[in-house]
Amino acid sequence: MSRTFLALLQFDGTHFAGWQRQTAERTVQGEVEQVLERLCGAPVAAHAAGRTDAGVHALGLGVSITMPAKWDAPALQRALNALLPSECWVAAVHPMQPGFHARRSARSRRYRYQVGTDAAARSPFRRRWEWALCRPLQYTALCGAAEALPGEHDFTAFSVRGQLKPHYRCRVRVARWTRRPGGRGFRFEIEADRFLHHMVRLLVGTMIDIGLERRPVSDMELLLTRSDNHETSPPAPPEGLYFVAAEYPPECFLAPDPVVAGSSHEAARHG
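Each value, and the rule that gives it
Residues numbered from 1 in each chain as written. Predicted model: local features only at pLDDT ≥ 70, side-chain atom pairs only at ≥ 80, totals over all residues. Heavy atoms only, no water. Helix = DSSP H or I, 4+ residues; strand = E, 2+ residues; numbered from the N terminus. Rg over C-alpha atoms; globule rule 2.2 N^0.38 Å. Buried < 20%, exposed > 50% of the residue type's maximum accessible area, 1.4 Å probe, protein only. Contact = heavy atoms within 4.5 Å. Areas by Shrake-Rupley, 256 points an atom, 1.4 Å probe, with all protein chains shown as cover. Lys, Arg positive; Asp, Glu negative; His and termini not counted. Charge placed at Lys NZ, Arg CZ, Asp CG, Glu CD. Axes fitted to C-alpha atoms, helices over the stretch in contact; angles between N-to-C directions. Parallel < 35°, antiparallel > 145°, perpendicular 65-115°, else oblique. Left-handed = near helix turned anticlockwise from the far one by under 90°. Nonpolar A, V, L, I, M, F, W, Y, C, P; charged D, E, K, R; others polar. Salt bridge = Lys/Arg side-chain N within 4 Å of Asp/Glu carboxyl O. Arc of directions from axis to C-beta.

Caption draft 1: Representation of the overall build of the protein within the structure. Regarding its fold elements, the protein presents 6 helices and 10 strands. Here the C-alpha atoms of the protein give a radius of gyration of 19 Å, agreeing with the 18 Å that 2.2 N^0.38 yields for 271 residues. Expressed along its principal axes, the backbone C-alpha trace of the protein runs to roughly 60 × 40 × 40 Å. By the burial criterion, 54% of the 271 residues in the protein qualify as buried. Relative to all contacts within the protein whose residues are 6 or more apart in sequence, the contacts with residues 24 or more apart total 71%. Summed over its atoms, the accessible surface of the protein is roughly 12800 Å², and 51% of this surface lies on carbon and sulfur atoms. Across the protein, the 34 positively charged side chains and the 27 negatively charged ones have centroids separated by 2 Å.

In structure tokens form, the structure reads like this:
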């Protein structure tokens, strides 16, 4: 007998080579699975809602885990937080229906990107977690560029060359720029049913060039018609990017305890 859980994982990705396990690099998946093997005495696979790149952070990365039946959600959360490295923290663990998979069961995923336009963005207390651009941006141009993104589009121009996919279409629900408090710059939020490798960073890199008035707002719509990425701006650096949350259908969750009814689904959806 076994039980399936959804762990909502937060991590500082600065010193990780991304989520996915690698032979010679330190990765988040590698650290999580080492802890799970220690807890169970045998290898246990951890499946994430998305694969983050090296240096990218997470505020609520959904990770599905199948454990022996003796484990419950509170005990698993305590054990993970006791053994994971200091850069990682499990915010919540939810019991899920058999067959739940953090990636395949997700309806959508949400990312955030933070850009610092003030000089203080270079502070050691900020530069690891945002793009320390330290230059002014045209907010109206950023917003105009983002307006081209909602809906279903072919994002070939915002994908890495050589990335073999059945198709490059993604359905974007939300794409918007907002001002960060205290004049610290801007934040980009995007939610879609799927993302291509480097897609968010390529989108942000292009929109920042638009905000710097290096290229016109109309370039965003033009690039969405392209079949290659030759005209796309370089990707934004990884340190400003965060995996925020994945959304799952309510039927994926086991009936919650009445004391916390309504909170587990919202936590998984909104991080």
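Caption draft 2: Molecular detail of the packing of helix 3 (residues 139-146) against helix 4 (residues 199-211). At a closest axis distance of 8 Å, the pairing of helix 3 and helix 4 adopts a crossing angle of 140°. Regarding the angle of helix 3 to helix 4, the classification is oblique. For the element pair helix 3 and helix 4, the recorded crossing hand is right-handed. The residues of helix 4 that touch helix 3, namely those facing Ala141, Leu142, Ala145 and Ala146, are Met207, Ile208, Ile210 and Gly211. Of the residues that constitute the contact of helix 3 with helix 4, the class distribution is 7 nonpolar, 1 polar and no charged.

Caption draft 3: Just the pattern of salt bridges, in detail. Enumeration over the complete set of coordinates arrives at 18 salt bridges. Residue arginine 126 is joined to aspartate 118 by a salt bridge in which the shortest nitrogen-to-oxygen separation is 2.9 Å. Residue arginine 126 shares its accessibility class with aspartate 118, and that shared class is buried. Ionic pairing is found between aspartate 209 and arginine 214, a salt bridge with its closest N-O pair at 3.0 Å. In the salt-bridge network here, residues are joined through shared partners; they are Arg107, Arg173, Glu191 and Glu247.

Caption draft 4: Region of the structure containing the environment of glutamate 221. Within the fold, glutamate 221 resides in helix 5 (residues 219-223). Separated by 73 residues in the primary sequence, glutamate 221 and alanine 148 have C-alpha atoms spaced 5.8 Å apart.

Caption draft 5: Broad picture of helix 3. Of all the positions in helix 3, only Ala141, Leu142, Ala145 and Ala146 are classed as buried. For helix 3, the arc enclosing every buried residue in end-on projection is 135°, short of the 170-degree limit, so these residues lie on one face. On its buried face, helix 3 is in contact with strand 8 (169-179), strand 9 (185-192), helix 4 and helix 5.

Honestly, that's just the spatial picture; any functional story needs more than this.
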